[in-house]
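Close look at the chain arrangement
Here is what each chain is made of, one letter per residue.
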Amino acid sequence: MHIGFKAHSGVPMTKVMRHWALPLVIVVLAGAACGPLAPEQTLPEMSLKKVSGTVDIIQRSDTITVGEEADIQPDDVIRTSGRDALAKLRLEGDRLLQLKGRGSIVLDSPTSVEVQTGEVLVRAEEVTRVLVDRVEARASAAQFRVDRGFGSTRVSSYSGSVALEAPGQQRLDVRSFYEVTVTAGEIPQAPRPYRMQPNDPWDALLLQRWVSLEGELKVLSNSLTNNLGGDRPGVAYFSKLAGGEGAGFVRSFLDRRV
């Protein structure tokens, strides 16, 4: 004879418990999977890849030379050595950085870095912060670069807008194809047009159309100079060149060297 508790229907309680045991276990396991220790909720992995040159990770007093690829974490210092050195960093989310030449950056957090020396290219689909000389450059949905020298730092945008902020100073937005020079932590009043350098690897890659146009214009300019010799053309020359259209806008340029 079975002796035990009975449910209201008269069925022994042990059978009732057996009936609900499996669903309860499934619910508990599902709840645990959604908890704070669930694997899918851990922070995405951050990594560093060496492309060329020597790339080191400095962790406190330890220096790790990167062979091909390595994991990185907040407070790591990334250092590149060699004129042609290049390292690629992947931070949390959709944030990609490149460190070129002789450079050094500190990984402040999974979403921000501090540039100590060198040239840094940032592609940020999510909000990313770059600190340099007490000035913070912040952007999302943008591609920009930070070139830190000994006395000044150039911040420029290839696409999107970069916000520059520093304590006690007015915020400045640097839009596409503009740049600023930050000296001693001072943000200038206004940006200026971007100065393209065809021999710069990032300019050559990201501004290929404009680099090609610059080359074509230089060829045309040299050809025009050779054809004119020592003569200085007037407005009529350029009007004829334009098929009879008005060319008065060139008047302010005519005093310059041919």
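Our structure's up above, just so we're on the same page.
Described in the following lines is the structure provided in the data block. In this text, all values refer to a predicted model and were calculated from it rather than measured experimentally. (Residues numbered from 1 in each chain as written. Predicted model: local features only at pLDDT ≥ 70, side-chain atom pairs only at ≥ 80, totals over all residues. Heavy atoms only, no water.)

**Overview of the overall build of the chain**
Here is the rule we go by: Each helix corresponds to a stretch of at least 4 residues labelled H or I by DSSP, and each strand to a stretch of at least 2 residues labelled E; elements are numbered beginning at the N terminus. Exposure is judged per residue with a 1.4 Å probe applied to protein chains only, and the accessible area is read against the type maximum: over 50% gives exposed, under 20% gives buried, and values in between give partly exposed. Two residues qualify as a contact provided that any one of their heavy atoms is within 4.5 Å of a heavy atom in the partner residue.
A tally of helices and strands in the chain yields four helices and 14 strands. For the chain, the residues scored as buried account for 32% of the 258 residues in total. Counted over contacts in the chain with a minimum sequence separation of 6, partners at least 24 positions apart contribute 36%.

**Digging into a negative patch on the surface**
Selection rule: Patches here are clusters of residues that have more than 30% relative accessible area and form no salt bridge, with a 9 Å joining cutoff for like charges and a 5 Å cutoff for nonpolar side chains (Val, Leu, Ile, Met, Phe, Trp, Tyr). Residue-level accessible areas treat just the shown protein chains as cover; the underlying method is Shrake-Rupley with a 1.4 Å probe. Should a side-chain nitrogen of Lys or Arg be within 4 Å of a carboxyl oxygen of Asp or Glu, the pair is scored as a salt bridge. Charge assignment: positive for Lys and Arg, negative for Asp and Glu; neither His nor the chain ends contribute. Where a charge sits is defined by one atom per residue type, namely NZ (Lys), CZ (Arg), CG (Asp) or CD (Glu).
On the surface, a cluster of negative charge is contributed by Glu45, Glu68, Glu69 and Asp71. As for its placement among the helices and strands, Glu68 is situated in the loop between β2 (62-65) and β3 (69-71).

**A few points about the side chain of Ser47**
Within the secondary structure, Ser47 is located in strand β1 (residues 47-59). Classification of Ser47 by relative accessible area gives buried; the value is 5%. Apart from the residues within four sequence positions on either side, Ser47 is in contact with Glu69, Ala70, Asp71, Ile72, Lys88, Leu89 and Arg90.

**Things to note about a nonpolar patch on the surface**
Residues Phe177, Trp210, Leu213, Leu217 and Leu220 make up a contiguous nonpolar surface patch of roughly 480 Å² in combined accessible area. Mapped onto the elements of the fold, Leu213 is located in helix α3 (residues 208-228). Residue Leu213 is classed as partly exposed on the basis of its relative accessible area of 41%.

**Points about the packing of aromatic side chains**
Condition: Two rings belonging to Phe, Tyr or Trp (six-membered ring only in the last case) form a pair when the distance between their centres is within 6.5 Å. Interplanar angles under 30 degrees mark stacking, angles over 60 mark edge-to-face geometry, and anything in between is tilted.
Considering all chains together, one arrives at two aromatic pairs under this definition. Ring geometry for Tyr237 versus Phe238: centroids 5.2 Å apart, planes at 90°, classification edge-to-face. Using a relative accessible area of 32% as the deciding quantity, one classes Tyr237 as partly exposed.

**What to know about unusual backbone geometry**
With a phi angle near 60°, Arg60 is a residue other than glycine that sits in the positive phi range. Note on placement: Arg60 falls in the loop between β1 and β2. A positive phi angle, near 55°, is found at Asp133, a position not held by glycine. Along the chain, the position of Asp133 falls in the loop between β7 (128-132) and β8 (135-139).

**Notes on the pairing of strand β4 (residues 77-91)**
Inclusion rule: For two strands to be treated as a pair, DSSP must find at least two bridges joining them.
Across 10 bridges, β1 lies against β4 in antiparallel orientation. The residue bridging Thr54 from the neighbouring strand is Ser81, located in β4. As consecutive antiparallel partners, β4 and strand β5 (residues 95-109) are separated by three residues, and within that stretch Gly93 has a phi angle of approximately 75°, a positive value.

**Quick word on the nonpolar core**
Selection rule: Each nonpolar core is a collection of buried residues, namely Ala, Val, Leu, Ile, Met, Phe, Trp, Tyr and Cys, held together in the definition by side-chain atoms within 4.5 Å.
Core analysis: the largest hydrophobic core is formed by 36 residues, its most contacted members being Leu48, Ile72, Ile78, Val130, Phe144, Val162 and Leu164. It is strand β6 (residues 112-124) that provides the largest number of residues to this core, a total of five residues. Judged by nonpolar contacts, the second largest core, of seven residues, contains Tyr158, Tyr194, Trp202 and Val211.

**Comments concerning the environment of Val146**
Within the secondary structure, Val146 is located in strand β9 (residues 142-148). Separated by 24 residues in sequence, Val146 and Val122 place their C-alpha atoms 8.2 Å apart.

**Thoughts on the environment of Pro110**
Its place among the elements puts Pro110 in the loop between β5 and β6. With 20 residues separating them in the primary sequence, Pro110 and Arg90 have C-alpha atoms 9.3 Å apart. Pro110 has contacts with Met46, Pro74, Leu91, Glu92 and Arg95, leaving out every residue within four places of it along the chain.

**Observations concerning the environment of Glu68**
Glu68 gets classed as exposed once you look at its relative accessible area, which sits at 66%. Between the C-alpha atom of Glu68 and that of Ser52, which follows or precedes it by 16 residues, the distance is 9.4 Å. Filtering out sequence-adjacent residues up to four positions away, Glu68 remains in contact with Leu48, Lys49 and Lys50.

**With respect to the pattern of salt bridges**
Inspection of every chain in the model, using the stated rule, returns 17 salt bridges. Its salt-bridge partner being Glu179, residue Arg154 comes within 2.8 Å of it at the nearest N-O pair. Taken together, the positions of Arg154 in strand β10 (residues 152-159) and Glu179 in strand β13 (residues 178-183) put the pair 25 residues apart, joining distant regions of the chain. Given the relative accessible area of 10%, Arg154 is considered buried. Here Glu179 falls in the buried class, since its relative accessible area comes to 0%. Between Glu179 and Arg195 there is a salt bridge, and its shortest N-O distance comes to 2.7 Å.

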